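Report on the structure
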Amino acid sequence: MARKQLTLPRLGELELAVLEYLWTAHSADVQQTHAAVGARRGISPNTVGSALERLYKKGLLGRDKVSHAYRYWAVDDRETFQARRVVEAAGGVRALGKSGLLAAFVDLVADSDEQALGELERLIRAKRKESST
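Reading the values: rules and limits
Residues numbered from 1 in each chain as written. Predicted model: local features only at pLDDT ≥ 70, side-chain atom pairs only at ≥ 80, totals over all residues. Heavy atoms only, no water. Buried < 20%, exposed > 50% of the residue type's maximum accessible area, 1.4 Å probe, protein only. Helix = DSSP H or I, 4+ residues; strand = E, 2+ residues; numbered from the N terminus. Arc of directions from axis to C-beta. Contact = heavy atoms within 4.5 Å. Polar contact = N/O pair within 3.5 Å; in protein donor to acceptor, adjacent residues only side chain to side chain. Pairing = 2+ DSSP bridges.

Looking now at helix α2 (residues 30-38). Here α2 has its buried residues at T33, H34, V37 and G38. Taken down its axis, α2 places every buried residue within 105 degrees of arc, on the same side. The exposed set on the far side of α2, more than 90 degrees from its buried face, consists of Q31 and A35. Packing partners of the buried residues in α2 comprise α1 (13-25) and α3 (45-57). Between the side-chain oxygen at the start of α2 and the backbone nitrogen of Q31 there is a gap of 3.1 Å, and the oxygen is on D29.

Below, the structure written as structure tokens:
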């Protein structure tokens with residue numbers, strides 16, 4: 001199984017707003033996205049379409065052609081995207097372990113929420129089982 005590249009491309013305000021909309025709508029075309037995001041900003045459907053195209057080229061959106069228009073959707077869910085941003089802000093996956101940040105995170109969870117620590121343990125077991133099959 002190929003591993004996903006964790007580094008995120010730089011995103012503008014409109015691109016982030018489009019992603020937020022698509023996480024809620026699940027999929028949309030240019031006109032729907034413009035109605036939800038672009039109209040209140042006073043920008044044209046072409047500008048919204050360009051943002052969708054940029055996000056697609058950056059690997060953050062998928063798309064299917066339906067009739068004469070594309071329907072776009074976010075490749076990652078909001079939680080995965082946010083986790084990728086946190087990892088990147090920490091200096092990358094390798095830096096998490098080397099800097100002690102990962103251990104500090106586990107300590108923080110353990111000190112504040114025993115139930116979350118149990119969930120973290122369950123997730124780790126499930127991922128190890130998945131990796132070994």
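With six bridges connecting them, strand β1 (residues 61-66) and strand β2 (residues 69-74) associate as antiparallel partners. Note that in β2 the partner of V66 across the bridge is A69. The hairpin formed by β1 and β2 contains two residues between the paired strands, and S67 there has a positive phi angle of roughly 60 degrees.

Here the focus is the side chain of T33. Structurally, the position occupied by T33 is in helix α2. You can call T33 buried: its relative accessible area is 0%. Among the polar contacts made by the side chain of T33, one reaches the main-chain carbonyl oxygen of D29 at a distance of 2.8 Å. Beyond its immediate chain neighbours, meaning those up to four positions away, T33 contacts V18, Y21, L22, A28, G38, V48 and L52.

Inspection of the secondary structure puts V37 in helix α2. For V37, a relative accessible area of 1% corresponds to the buried category. Sequence separation between V37 and V48 is eleven residues, and the spatial gap between their C-alpha atoms is 8.0 Å. Aside from chain neighbours lying at most four places away, what touches V37 is L14, A17, V18 and Y21.

The subject of this paragraph is the environment of E13. On the secondary structure map, E13 appears in helix α1. Judged by its relative accessible area of 61%, E13 falls in the exposed class. Placed 38 residues apart in sequence, E13 and A51 show a C-alpha to C-alpha distance of 10 Å.

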